[in-house]
Amino acid sequence: MSLVADEGATTRDVQESGDRDLRLTALTKSYGSFTAVRSLDLVVPQGSFFALLGPSGCGKTTTLRMVAGLDTPTSGRITLGDREITYDKPYKRPVNTVFQSYALFPHLDIAENVAFGLKRRGVKDTKAKVAEMLDLVELGNQGRKKPFQLSGGQQQRVALARALINSPEVLLLDEPLGALDLKLRRGMQIELKRIQTEVGLTFVHVTHDQEEAMTMADTVAVMNAGVIEQMGPPAALYDNPETTFVANFLGQSNLLAGDILGPDGDVVKVSVQGTTVSIPAERSHADGGKGWVGVRPEKVMIAEVGGEIDAPGNRFEGGVVTDVSFVGVSTQYLVRMPWGQEVMVFEQNTGRRPIFAVGTPVDLSWRPEYAFLLDASQDALAGVEDGDD
């Protein structure tokens, strides 16, 4: 099955008029009583780098397999431009897939692996096209080697070249960097984005790695339990999450329970443990009553008791440092507040003052424009364990 998805797409079927966006409409996939993907509506713009991000079991790989033709939807439609491909065979779709496992032929050299798809289509003169693809993935002098002679990162580049040589309209990447170590993975993130920009194809990348998605994608869709929780540019999702799951899964967040006092001009006022804080109206995603005031750890400022903090407005006193982790560029603190909650603080190591020791009394604050407000009916721990995984 993997070979069919990886090599078989040969049909361009490019229309003279109309866009070539990939559209999923009310797409659903059920297995008996379990629904893996639930009425998914999604548009992937032509030529974009799009990431489906979520924990294991959220439905992202099932979605990709339906686009590839490896799984049949229970209901809904998949279209590419004006053409519906919902029930097309994998080899009839202008789509190729790159898997985590590479699936290279060990008995063929690198050039022969890359040429495989063209030769299946009856193309006899493949030398120039293979050379072009190997140059694209910066393996131009490796064509005569066998797969076992290459590193994991190089083998993944070969798999990418083999998929791209068929000129698909959409390239699907299913956790393609998952088998690489951290250093190789980060290098390949940059390379994948470079290649996507150079070839201008639509890339749909499935991953559970938040850094991967944010580094490469123009648009990220965060999936949870078969639905998309939020979608948008990486910075927008990180700075202004709309659900507790997104706030916790995409990075880390402090969520403080508060009583919503109501709007006041262009901000919403919230009382948190007796301190009134302000939330920009465009970052408020709760209607009234109670809510979660959210702030990212790197946006929280820390100072000795009574010390100056460059954050006008809300200030929380009575904190005590309970944990200190030095991670090079920053120091990560846990600060226990008077009401018992531990607040995360990430402070850049500028050297302007010594690192606080465990047991030090401190005050905390943050600038109002960095906070966000979420509905209190949502689980404050949603996405925490998934994000750690």
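About the thresholds
Residues numbered from 1 in each chain as written. Predicted model: local features only at pLDDT ≥ 70, side-chain atom pairs only at ≥ 80, totals over all residues. Heavy atoms only, no water. Helix = DSSP H or I, 4+ residues; strand = E, 2+ residues; numbered from the N terminus. Contact = heavy atoms within 4.5 Å. Areas by Shrake-Rupley, 256 points an atom, 1.4 Å probe, with all protein chains shown as cover. Lys, Arg positive; Asp, Glu negative; His and termini not counted. Charge placed at Lys NZ, Arg CZ, Asp CG, Glu CD. Domains from an automatic or database assignment. Buried < 20%, exposed > 50% of the residue type's maximum accessible area, 1.4 Å probe, protein only. Polar contact = N/O pair within 3.5 Å; in protein donor to acceptor, adjacent residues only side chain to side chain. Pairing = 2+ DSSP bridges. Axes fitted to C-alpha atoms, helices over the stretch in contact; angles between N-to-C directions. Core = buried A, V, L, I, M, F, W, Y, C linked by side-chain atoms within 4.5 Å. Parallel < 35°, antiparallel > 145°, perpendicular 65-115°, else oblique. Left-handed = near helix turned anticlockwise from the far one by under 90°. pLDDT = per-residue confidence, 0-100. Expected span 1.5 Å × (residues − 1).

Per an unreviewed UniProt entry, the protein chain is named ABC transporter ATP-binding protein, and its organism is Mumia zhuanghuii.

**Quick look at the overall build of the protein chain**
Looking only at helices and strands, one finds 10 helices and 21 strands in the protein chain. Its C-alpha atoms put the protein chain at 75 × 45 × 40 Å along the principal axes. Contacts in the protein chain between residues far apart in sequence, at least 24 positions, make up 68% of those at least 6 positions apart. About 17300 Å² of surface is accessible on the protein chain, with carbon and sulfur atoms providing 50% of the total. For the protein chain, the distance from the average position of its 38 positive side-chain charges to the average position of its 51 negative side-chain charges is 9 Å.

**Focus: the domain arrangement of the protein chain**
Per the domain assignment, the segments making up the protein chain are domain 1 (22-239) and domain 2 (266-375). For domain 1 and domain 2, the distance between their C-alpha centres works out to 39 Å.

**Brief notes about the side chain of Gln 142**
Within the secondary structure, Gln 142 sits in the loop between helix 4 (127-136) and helix 5 (152-164). The exposure class assigned to Gln 142 is buried, which follows from its relative accessible area of 11%. At a separation of 3.0 Å, a polar atom in the side chain of Gln 142 contacts the side chain of Asn 141. When near neighbours in sequence (up to four residues on either side) are disregarded, Gln 142 contacts Ile 110 and Leu 150.

**Section: the sheet that holds strand 7 (residues 170-174)**
Pairing within the open sheet is mixed, and its six strands lie in the order 6-7-8-3-9-10. Where the open sheet ends on each side, the last strands, each with one partner, are strand 6 (95-99) and strand 10 (227-232). Averaged over all pairs of adjacent strands, the angle between their axes in this sheet comes to 20°, without regard to strand direction. Where strand 3 (residues 49-53) meets strand 9 (residues 219-224), four bridges bridge the pair, whose relative direction is parallel. Considered in strand 9, the bridge of Ala 51 is made with Val 220. Docked against the sheet, helix 2 (residues 60-68) engages strand 3, strand 6, strand 7, strand 8 (202-207) and strand 9, running at close to 145° with respect to strand 7. Each of strand 3, strand 7 and strand 8 is contacted by helix 6 (residues 182-199), which is oriented at about 155° to strand 8, the strand it contacts most.

**Some points on the nonpolar core**
Core analysis: the largest hydrophobic core is formed by 46 residues, its most contacted members being Val 114, Leu 160, Leu 164, Leu 192 and Phe 203. At six residues, helix 5 tops the list of elements feeding residues into this core.

**Regarding the sheet that holds strand 18 (residues 330-336)**
What the five strands build is an open sheet, ordered 16-20-17-18-19; its pairing is antiparallel. A strand with exactly one partner marks an edge of an open sheet, and here the two such strands are strand 16 (301-304) and strand 19 (342-348). On average, each strand axis in the sheet is inclined to that of its neighbour by 45°, with strand direction left out of account. Sheet topology note: the strand 17 (residues 315-326)/strand 18 ladder contains six bridges and is antiparallel. Residue Val 324 lies in a different strand from strand 18, and its bridge partner there is Tyr 333.

**Focus on the pairing of strand 3**
In terms of residue burial, strand 3 counts as a mostly covered element, since five of its five residues are buried. Pairing analysis gives five bridges linking strand 3 to strand 8, with the strands arranged parallel. Pairing of Phe 50 across the sheet is with Val 204, part of strand 8.

**Comments concerning unusual backbone geometry**
Of note in this structure, Glu 175 is not a glycine but carries a positive phi near 45°. For Glu 175, the position within the fold is in the loop between strand 7 and helix 6. The phi dihedral of Ala 225 is positive, around 55°, even though this residue is not glycine.

**Side note on the packing of helix 3 (residues 110-120) against helix 5**
Look at helix 3 against helix 5: their axes get within 7 Å of each other, and the N-to-C directions meet at 30°. When the interaxial angle is binned, helix 3 and helix 5 end up roughly parallel. Like other packed secondary-structure pairs, helix 3 and helix 5 cross with a definite hand, here right-handed. Where helix 3 abuts helix 5, its residues Ile 110, Asn 113 and Val 114 lie against Val 158, Ala 161 and Arg 162.

**Points about the confidence of the model for the protein chain**
Counting all residues, the mean pLDDT for the protein chain is 90, and 94% of those residues have values of 70 or more. Across residues 1-18 the pLDDT falls below 50, and counting only partners more than four positions away or on other chains, this stretch makes 58 contacts in the model.

**What to know about helix 5**
Taking 1.5 Å per residue as the helical rise, helix 5 with its 13 residues ought to reach 18 Å, and the 18 Å between its terminal C-alpha atoms agrees with that figure. By the criterion of burial, helix 5 is predominantly enclosed, with 11 of the 13 residues buried. For helix 5, the full list of buried residues reads Gly 153, Gln 155, Gln 156, Arg 157, Val 158, Ala 159, Leu 160, Ala 161, Arg 162, Ala 163 and Leu 164.

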